[in-house]
Amino acid sequence: MSTKPDIARNLQKVLNDLPASVKLVAVSKFHPLEMLREVYDAGQRVFGENHVQELQQKVGQMPKDVEWHLIGHLQTNKVKYIVPYISMIESVDSLKLLQEINKQAAKNDRVVRVLLELHIAEEETKYGLTFDACRELLASGEWRELKNVKICGLMMMASFVDDEQQIRSEMLSAADFFDEVKAQYFADDDAFCERSWGMSHDYPIAVECRSTMVRVGTTIFGERVY
Ligand SMILES: *Cc1c(COP(=O)(O)O)cnc(C)c1O
């Protein structure tokens, strides 16, 4: 017998753990609409999805006041599908992607908020900017010409390990890096304020490491069925 997770209670538990200054993104990837609706009915409005196709399917089926965040890797040829409605793209890791988002956002006459994704974890992944690559992107200054994207901060995933010290040290290095680029490029820009780190297994640590936005899936919805 499978036990149905008490989604509303799980959501409340996570919210109780978060200071008022930390925003919750409910990561609903691979979960069915009825579960999203339950979370919506419990008051949650910000949802995160990883895949464009799944996101597209869900957007039309959910109320219009949901704020959708794309948190997974985005290919440039898919940007046009999500730009009309996306609230934030958290996974920007190249100038090319930034330029494409800008182009599509201009066509839609809107400004799309984005985060730059850092690659810090020890795991091998193709995605995310190293600190140096991120410095280079910002130093080029080309992003300043992109009037239809707004860089609002940084996103990262810590290594998926049990070692709390390692998680903490990765998150703190991201927080220090945030301060560096804030001072150098965004000192007068209040919109550059988001530090998106913390998932189900490490969001309490993230809160201690100056996260402003946690992305939590499993703790709310239960295990994903792939
Ligand atoms: C899936 C995912 C999450 C949420 O993971 P959980 O462990 O289920 O909380 C957060 N961030 C990103 C980028 C993800 O892909």
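Residues numbered from 1 in each chain as written. Predicted model: local features only at pLDDT ≥ 70, side-chain atom pairs only at ≥ 80, totals over all residues. Heavy atoms only, no water.

Even after reading the chapter, I still don't get the overall build of the protein, so can you show me in this structure?
Within the protein, the regular secondary structure consists of nine helices and eight strands. A compact globule built from 226 residues should have a C-alpha radius of gyration of about 17 Å, and the protein, at 17 Å, falls within 12% of that. Summarising its shape, the C-alpha atoms of the protein cover approximately 55 × 45 × 30 Å along the three principal directions. The long-range share in the protein, meaning contacts at least 24 apart out of those at least 6 apart in sequence, stands at 60%. As presented, the protein carries roughly 11100 Å² of accessible surface, and 49% of it is formed by carbon and sulfur atoms. In the protein, the 27 positive side-chain charges and the 35 negative ones have mean positions that sit 7 Å from each other. (Helix = DSSP H or I, 4+ residues; strand = E, 2+ residues; numbered from the N terminus. Rg over C-alpha atoms; globule rule 2.2 N^0.38 Å. Contact = heavy atoms within 4.5 Å. Areas by Shrake-Rupley, 256 points an atom, 1.4 Å probe, with all protein chains shown as cover. Lys, Arg positive; Asp, Glu negative; His and termini not counted. Charge placed at Lys NZ, Arg CZ, Asp CG, Glu CD.)

Explanation requested: the nonpolar core in the structure shown.
Of all hydrophobic cores here, the largest spans 66 residues; its most connected members are Phe 47, Ile 101, Leu 138 and Ile 220. The leading source of residues in this core is helix α7 (residues 164-185), at eight residues. Sequence-distant contacts of Ile 220, defined by excluding residues within four places in its chain, comprise Ile 7, Asn 10, Leu 11, Val 14, Leu 24, Ala 26 and Val 39. (Core = buried A, V, L, I, M, F, W, Y, C linked by side-chain atoms within 4.5 Å. Buried < 20%, exposed > 50% of the residue type's maximum accessible area, 1.4 Å probe, protein only.)

Is there a simple way to explain unusual backbone geometry in this structure?
Glycine aside, a negative phi is what most residues show, and trans is what most peptide bonds show. We note that Asp 109 has phi near 55°; this positive angle belongs to a residue other than glycine. Among the structural elements, Asp 109 can be located in the loop between α5 (95-107) and β5 (112-118). With relative accessibility at 69%, the residue Asp 109 sits in the exposed group. Although it is not a glycine, Arg 210 sits at a positive phi angle of roughly 65°. Of note, Arg 210 is situated in the loop between α8 (203-208) and β8 (213-216). When its relative accessible area of 32% is taken as the criterion, Arg 210 is described as partly exposed.

All quantities given are derived from atomic positions and should not be read as evidence of function.
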